[in-house]
Amino acid sequence: MSVITTHRDGEVLVVVSDNPPVNALSAGVREGLYAAIQEANGDDTIKAVVVRCDGRTFFAGADITEFGKPTGAIGLNPVIDAIEDCPKPVVAAIHGTALGGGLEVALGCHYRVAVPSAKLGLPEVKLGLIPGAGGTQRLPRVVGVEAALPMTTSGDPILARQAEAIGLVDKLVSEDSLEADAVAFARSVIGKPQPVSSSRTDKIAGTDPGVFDAFRKANARKLKGFDAPEAAIKAVEIATRYPFAEGLQMEHDLFQPLLAGRQSAALRHLFFAERAANKIDDLPKDTPILPVTKVGIIGAGTMGGGIAMNFLSAGFPVTMVEREQAPLDRGVATIRKNYENTAAKGRLTAEQVEKAMGLLTPSLNFEDLADCDLVIEAVFERMDIKKDVFGKLDGICKPGAILATNTSYLDINEIATATKRPEAVIGLHFFSPANVMRMLEVVRAAKTGPSVLATSMKIAKTIGKVAVVAGVCHGFIGNRMLAARQQQGEALLMEGILPARVDKVLTDFGFPMGPFQMSDLAGLDIGWTKETSDPTRVRDVLCERGRLGQKTGKGFYDYAADRTRTPSEEVDALILEYAEKSGHKRDDLSDEEILERLLYPMINEACLILEEGIAQRASDIDVMYVHGYGWPSYTGGPMFWASTVGLDTIVAGLEKYADKWPDLKISALLKDKAAKGEAFA
Ligand code: 3H9
């Protein structure tokens, strides 16, 4: 059966797409839509057309799997032109998401009606592209340049109500009767003059040309390193300088090189990698999901509070337990402050803040966790403390509850031995700040039950996280790889390479911050004690001198009251002194060598992680590093990047610098793939 069918409702032709899962505009859909418009054109009894989709969503965009492949079918542009040229009013009836090419189809329609829960957007930049079927030319003509710029450059969708406010949606209709309401709307416009279609308009007049540079400047930090948003700004600017037909051609000329480029390949890889990460190879599809309606959090510190916010925001009642009243009160106050700050920025209403806070029950009593379906502990990172907590939970929690630890390093198999139900124990490693970072490392211990794992993955999605499954080892996937970088960062210091130089090499590569900026933010004293302090390590000496990072106003850098960072003369002098003592010549490394020294060991560690089965697949590691550690997404993540560099180059680099890491073990998997000329992506 065709993916596009048509039926009549009186004089209105209803065109329906059914192309699961997301009604992507695949070849068959495009052909079917084109044929349906011809049907409407050729039948005098048809006075109007409604285009809608079955299933969970309106067209969610071009079919990404078709990119770069010849389909032989009609392109999207001629389909949209045919819709726009139809002399009868065509109404898009939108539910779910109208995204990318899907919104471009809707923009080609003469009218758009949508249910209130629908979202509309042009997410192409997230795939390293710009809209390629007229979106950059039609959208600003419909909603104006100022509304079009953020939509085309951020890729974030807007809600139907907002779309109605800016004129993108003509009418909001009932969630329960989309087709009937759309048909009624179509009937109401029969015989009325059609809105002037984009393809017949000249350039958008009256735009202040300064608006584009002002937008670039205001968004410079967010857009740094990405090619597509700049192309999107240019394309919208074109709409203010050229008539539609020329603008369309220029949009095409901007789109094509992006499609063929490395950034788009990397971002499309990540799109599919994120979806693959959700799949657990050895877990049957019908694994029962456990009901989770109430959540317990142990620890009201930064981490516990942040974790709690994820669940409160998603509508779960949360019981947050602390040992003493003062830290509990502080934790609750911090959660409220965070919500109120978000509300002050207009991203939450006062009612939403109160609703979330109303779901929170602070407690000093572990027993209050008895009826929770999921309990996550975020207490001090020490094995004896964690085991004590899990022993208590075992005695209190109801049968079937999931007992999760937020540990970032510790052996979860050992933690599980503190209970008589190791199958209930799992790692849910949130990243700080836990209410903001999208990454969740789900750590599967040796005895974790299938339902516990499957439920954890489902919960991750419910609270808006990107989850990656890891096995148990010191630091799991993320922090184990980071340790390899950290070790080289310190080795570089010992060679007289200053923190600011190391950090700059990584920020130039695209990380939001380098290792020493990150240490200063996290606190240098994590894992440091006076008793075990090692005077041969720069970090330890800084801790001894009270330079604990941003919290003390000084760490690897000096900080002003407003947190402005400057290199520290004291620290730099100390490093040079160490380097001199060690006999290393200073500053004889190129930026390229510094980058290789920092990143190649991470790739090697990742390959060892794969060999050991700690990660399911290379693309999971990409997802984790992009969402958890700020690896620049336009390089596709560490494994995709390594493949573009060439795995043989990575191996050669590791061998070249072998004397810098005496205990280096080059991964057999990496060597093998390099020798065969293979890649990870
Ligand atoms: C574009 O439109 C270019 C045009 O301007 C110009 C062209 C000339 N194609 O995310 P989910 C699959 S660029 C193919 O888990 P959700 C996805 O891989 C496109 N497949 O569901 C997954 O497969 P599997 C612009 C797609 O409910 C399954 O659908 N549009 C596409 O959480 C379910 O996906 C976008 O960038 C696609 N376009 O979220 C929108 N989309 O089950 C991309 C999804 O085998 N899509 N799949 O793993 C999304 O943002 C989300 O999928 C959506 C649903 C919000 C729609």
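Read on for a plain summary of the structure. Computed from a predicted structure; not experimentally measured.

1. Overview of the site of the ligand
- Of all residues adjacent to the ligand, which total 26 residues, the nearest are Arg56, Glu104, Glu124, Arg275 and Lys279.
- Within the backbone of glycine 101, one N or O atom sits 2.8 Å away from an oxygen atom of the ligand.
- One of the side-chain nitrogen or oxygen atoms of glutamate 104 is found 2.7 Å away from an oxygen atom of the ligand.
- When the ligand is considered free in solution it has 1000 Å² of accessible area, and contact with the protein chains removes 75% of it.
- Counting only elements with at least two residues in the shell around the ligand, the list comes to β5 (97-99), α3 (101-108) and α12 (262-277).
- For the shell around the ligand, the element with the highest residue contribution is α12, accounting for 3 residues.
- Considered class by class, the residues forming the shell around the ligand number 14 nonpolar, 5 polar and 7 charged.

2. Concerning the layout of surface pockets
- Roughly 510 Å³ of internal volume is contained in the second largest pocket.
- What lines the second largest pocket is a set of 13 residues, and nearest its centre among them are Asn278, Lys279, Ile280, Lys285 and Ala454.
- The residue inventory of the lining of the second largest pocket, partitioned by class, reads 6 nonpolar, 3 polar and 4 charged.

3. Some words on helix α7 (residues 178-189)
- In this model, α7 (12 residues) spans 17 Å end to end at C-alpha, consistent with the 16 Å of a helix rising 1.5 Å per residue.
- Every buried residue of α7 is listed here: Leu178, Ala182, Val183, Phe185, Ala186 and Val189. Projection of α7 onto a plane perpendicular to its axis shows the buried side chains occupying an angular sector of 160°, all on one side.
- In the core, the buried residues of α7 are packed alongside β1 (4-9), β2 (12-17), β3 (48-53), β4 (90-94), β6 (111-114) and β9 (171-172).
- Just beyond α7, the residue with positive phi is glycine 191, at close to 85°.

4. Regarding the packing of helix α25 (residues 618-629) against helix α26 (residues 638-645)
- One can describe the packing of α25 onto α26 by two numbers: an axis separation of 6 Å at closest approach and a directional angle of 115°. Between α25 and α26, the crossing angle belongs to the class labelled roughly perpendicular. On α26, the residues that touch Ala618, Ile621, Asp622 and Tyr625 of α25 are Pro638, Met639 and Phe640.
- Taken together, the residues of the contact of α25 with α26 sort by class into 6 nonpolar, no polar and 1 charged.

5. What about the sheet that holds strand β13 (residues 374-377)?
- The mixed open sheet is built from 8 strands, whose spatial order is β12-β11-β10-β13-β14-β15-β16-β17. In this open sheet, the two strands that pair with only one neighbour each are β12 (360-363) and β17 (466-471). Strand-to-strand, the axes of this sheet are offset by a mean angle of 25°, without reference to chain direction.
- Pairing analysis gives 6 bridges linking strand β16 (residues 439-444) to β17, with the strands arranged parallel. Bridge pairing in β17 links glutamate 441 to valine 468.
- On the sheet, helix α18 (residues 450-462) packs against β13, β14 (402-405), β15 (425-430), β16 and β17 and is oriented at approximately 175° with respect to β16.

6. Focus on the sheet that holds β5
- The strand order β5-β7-β8 describes an open sheet built from 3 strands, whose pairing is mixed. Both edges of this open sheet fall to β5 and β8 (158-159), since each of them pairs with a single strand only.
- Relative to β8, strand β7 (residues 119-121) runs antiparallel, the two being bridged by 2 bridges. Paired with leucine 120 across the two strands is isoleucine 158, which belongs to β8.
- Against the sheet, α3 touches β5 and β7, its axis set at about 90° to β5.

7. Some details on the pattern of salt bridges
- Using the criterion set out here, one finds 43 salt bridges in the structure.
- A salt bridge links arginine 187 to glutamate 11; its shortest N-O distance comes to 3.2 Å. Note that arginine 187 is positioned in helix α7 and glutamate 11 in the loop between β1 and β2, a separation of 176 residues in sequence.
- Exposure remark for arginine 187: the relative accessible area of 33% places this residue in the partly exposed category.
- Here aspartate 591 and arginine 501 are joined by a salt bridge, their closest N and O atoms 2.9 Å apart. With aspartate 591 in helix α24 (residues 591-611) and arginine 501 in helix α20 (residues 499-509), this pair connects stretches of sequence that are 90 residues apart.
- On the basis of relative accessibility, which here comes to 40%, the residue aspartate 591 falls in the partly exposed class.
- On the basis of relative accessible area, arginine 501 is assigned to the partly exposed category, the value being 25%.
- One salt-bridge network, held together by shared partners, links Asp213, Arg216, Glu230, Lys234 and Glu237.

Conventions we followed
- Residues numbered from 1 in each chain as written.
- Predicted model: local features only at pLDDT ≥ 70, side-chain atom pairs only at ≥ 80, totals over all residues.
- Heavy atoms only, no water.
- Near = heavy atom within 4 Å.
- Polar contact = N/O pair within 3.5 Å; in protein donor to acceptor, adjacent residues only side chain to side chain.
- Areas by Shrake-Rupley, 256 points an atom, 1.4 Å probe, with all protein chains shown as cover.
- Helix = DSSP H or I, 4+ residues; strand = E, 2+ residues; numbered from the N terminus.
- Nonpolar A, V, L, I, M, F, W, Y, C, P; charged D, E, K, R; others polar.
- 1 Å grid on protein atoms, 1.4 Å probe; cavity = no way out; pocket = protein on both sides within 12 Å on 5 of 7 lines; lining within 4 Å.
- Points joined across faces, edges and corners; volume = space filled by probe spheres on them.
- Expected span 1.5 Å × (residues − 1).
- Buried < 20%, exposed > 50% of the residue type's maximum accessible area, 1.4 Å probe, protein only.
- Arc of directions from axis to C-beta.
- Contact = heavy atoms within 4.5 Å.
- Axes fitted to C-alpha atoms, helices over the stretch in contact; angles between N-to-C directions.
- Parallel < 35°, antiparallel > 145°, perpendicular 65-115°, else oblique.
- Pairing = 2+ DSSP bridges.
- Salt bridge = Lys/Arg side-chain N within 4 Å of Asp/Glu carboxyl O.

Structural measurements only, silent on function.
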